[in-house]
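Examining the three-dimensional arrangement
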Amino acid sequence: MPVVLREAWSTVVPDMNDRHGPLPPMMLALTVVTGLVDAVSYLELGRVFVANMTGNVVFSGFAIAGAPGFSFAASLVALAAFVVGALLGGLIVHSALTHRGRMLLYALLVETACVLAALIATPASGHPFVGGVRFALIALLGLGLGAQNAVSRALAVPDLTTTVLTLTITGILSDSRFAGGGGSKAGRRVLSAAAMMTGASVGAVAVLHGHPRLPLLLAVAVLAAVTTAAIVLARADAPWVRPIVRR
C-alpha cells in the first residue's frame, strides 16, 4: 500500500495502542463540523467566520477601510465569542488535564449545546437571518468553536487542528522528501483538508439550494455521534488518555 494511503488509513482507522488512540478520526469529524458551520456563518450571517479568526481579523480591516459587504460589528462579535469560548475551553483543559478523553467529552458537550442552541434559534427571525438573531447565531457558534479550538490544541493530535489548514497544507510540501524533508505525512494532511472541504461543500450546497438550517442540523448530528463515542472513551484507561507534555 502506498505511504499516502497507509497514512490516511491509519488516521481513519487508528491503532488503539498509538499515542493518540482513537482521537484522529474524531478530530476529522470535528473538522467536517468546522466546514459546515463556517459555510453557514459566511454565506448566511454576512461574510464572517466563527472558526477561522484569521479571516475575521482581515475582514475587520476590510470593514474599517469601508469595503462593501463586510461588517465590523459582526467580525467583532465573532472574535469576542470565540475568545470567551477559548477561555471556557482552557478551563476545561485544566480541569481534565490528566485525561484527554474526558477533556474531549467536556468540550464536545459545550460545543454541541452551542450549535444546537443556534439551530433552535434560527426560526426566530425567519430567513434571511437578521438583527439580533443574526448576532446571537454568530455568538453561539463562535463560542462553541472557540471551545473546540482550545481543546483541540491541548489534545495536540499532529496535523489535525480541526480549523487551521495553512500550516497543514504548507507541511505537505515543505516536509516532503522532494524538498529534502523526512516525509510530509501527506495522507493525514490531505485528509484533514478534504474533511473541511467536504463540510464546507455540503454546507454551501444546502445554503445555496434554500436549506440554510440543514448544515447546522448536520453539524449537530455529527457532534452527537462524536459525543456518544467520547462518553465511552471518557471511561478509558489507556496510554492515549495521558496528557501531551509540551516542551
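What counts and what doesn't
- Residues numbered from 1 in each chain as written.
- Predicted model: local features only at pLDDT ≥ 70, side-chain atom pairs only at ≥ 80, totals over all residues.
- Heavy atoms only, no water.
- Helix = DSSP H or I, 4+ residues; strand = E, 2+ residues; numbered from the N terminus.
- Rg over C-alpha atoms; globule rule 2.2 N^0.38 Å.
- Buried < 20%, exposed > 50% of the residue type's maximum accessible area, 1.4 Å probe, protein only.
- Contact = heavy atoms within 4.5 Å.
- Areas by Shrake-Rupley, 256 points an atom, 1.4 Å probe, with all protein chains shown as cover.
- Lys, Arg positive; Asp, Glu negative; His and termini not counted.
- Charge placed at Lys NZ, Arg CZ, Asp CG, Glu CD.
- Phe/Tyr/Trp six-rings, centres within 6.5 Å; stacked < 30°, edge-to-face > 60°.
- Lys NZ or Arg CZ within 6 Å of the ring centre and 35° of its normal.
- pLDDT = per-residue confidence, 0-100.
- Patch = residues over 30% accessible without salt bridge, like charges linked within 9 Å, V, L, I, M, F, W, Y side chains within 5 Å.
- Salt bridge = Lys/Arg side-chain N within 4 Å of Asp/Glu carboxyl O.
- Axes fitted to C-alpha atoms, helices over the stretch in contact; angles between N-to-C directions.
- Parallel < 35°, antiparallel > 145°, perpendicular 65-115°, else oblique.
- Left-handed = near helix turned anticlockwise from the far one by under 90°.
- Nonpolar A, V, L, I, M, F, W, Y, C, P; charged D, E, K, R; others polar.
- Expected span 1.5 Å × (residues − 1).

Right, let's get into the overall build of the protein chain. What the protein chain contains, in helices and strands, is 9 helices and 0 strands. Along the protein chain, helices (α) and strands (β) appear in the sequence α-α-α-α-α-α-α-α-α when read from the amino end. At 18 Å, the protein chain has a C-alpha radius of gyration in line with the 18 Å of a compact globule built from 247 residues. Projected onto its principal axes, the C-alpha positions of the protein chain cover 50 × 45 × 35 Å. In the protein chain, which comprises 247 residues, the proportion classed as buried is 48%. Here the analysis covers contacts within the protein chain between residues at least 6 apart in sequence; of these, 71% occur between residues at least 24 apart. Accessible area for the protein chain stands at about 11,600 Å²; split by element, carbon and sulfur atoms hold 71% of it. Side chains of the protein chain carry 16 positive and 9 negative charges; the gap between the two charge centres is 4 Å.

Quick look at the packing of aromatic side chains now. Inspection of the entire model under this criterion finds 6 aromatic pairs. Taking the centre distance of 5.4 Å and the plane angle of 25° together, the rings of Tyr 42 and Phe 49 count as stacked. Look at Phe 59 and Phe 62: their rings are 6.3 Å apart centre to centre, the planes differ by 40°, and that puts the pair in the tilted class. Remark: Phe 62 and Phe 59 occur in helix α3 (residues 53-65); sequence separation between them is 3 residues, near one turn of the helix. One Lys or Arg, Arg 47, reaches over the ring of Phe 70 and ends 4.8 Å from the middle of that ring.

Take the environment of Ala 225 next. With respect to the element layout, Ala 225 can be found in helix α9 (residues 214-233). For Ala 225, a relative accessible area of 48% translates into the label partly exposed. With 26 residues separating them along the chain, Ala 225 and Gly 199 place their C-alpha atoms 16 Å apart.

Of all residues in the protein chain, 94% attain a pLDDT of 70 or more, and the chain-wide mean is 90. Across the protein chain, the element-wise mean pLDDT spans from 73 in helix α7 (residues 166-174) up to 97 in α9.

This brings us to unusual backbone geometry. Residues apart from glycine generally show negative phi values, whereas peptide bonds are mostly found in trans. Despite not being glycine, Arg 47 shows a phi value in the positive range, around 50°. Along the chain, Arg 47 falls in the loop between α2 (23-44) and α3. We note that Thr 162 has phi near 75°; this positive angle belongs to a residue other than glycine. By the element assignment, Thr 162 lies in the loop between α6 (131-155) and α7. The buried category is assigned to Thr 162, whose relative accessible area is 1%.

On the surface, Trp 9, Val 12 and Val 13 cluster together into a nonpolar patch covering about 300 Å² of accessible area. Considering the arrangement of structural elements, one finds Trp 9 in helix α1 (residues 3-12).

With that out of the way, let us pick up the side chain of Ser 60. For Ser 60, the position within the fold is in helix α3. Looking at Ser 60, the relative accessible area reads 9%, which means it is buried. Contacts of Ser 60, omitting those with residues within four sequence positions, involve Phe 72, Ser 75 and Leu 79.

Right, let's talk about the packing of helix α5 (residues 100-121) against α9 for a bit. Think of two packed helices as two axes; the pair is described by the angle between the axes and how far apart they sit. As a packed pair, α5 and α9 sit with axes 9 Å apart at the nearest point and diverge in direction by 155°. Between α5 and α9, the angle is such that the two are roughly antiparallel. Of the two elements, α5 crosses α9, and the hand of that crossing is left-handed. Taken together, the residues of α9 that come into contact with α5 (itself represented by Gly 101, Leu 105, Leu 108, Leu 109, Glu 111, Thr 112, Val 115, Leu 116, Ala 118 and Leu 119) are Leu 216, Leu 217, Ala 219, Val 220, Leu 223, Val 226, Thr 227, Ala 230, Ile 231 and Leu 233. Across the contact of α5 with α9, the residue classes tally to 16 nonpolar, 3 polar and 1 charged.

Here we take up α2. Here α2 spans 31 Å end to end across 22 residues, near enough to the 32 Å set by a 1.5 Å rise per residue. Counting buried residues along α2, 18 of its 22 residues qualify, which places the element largely inside the surrounding structure.

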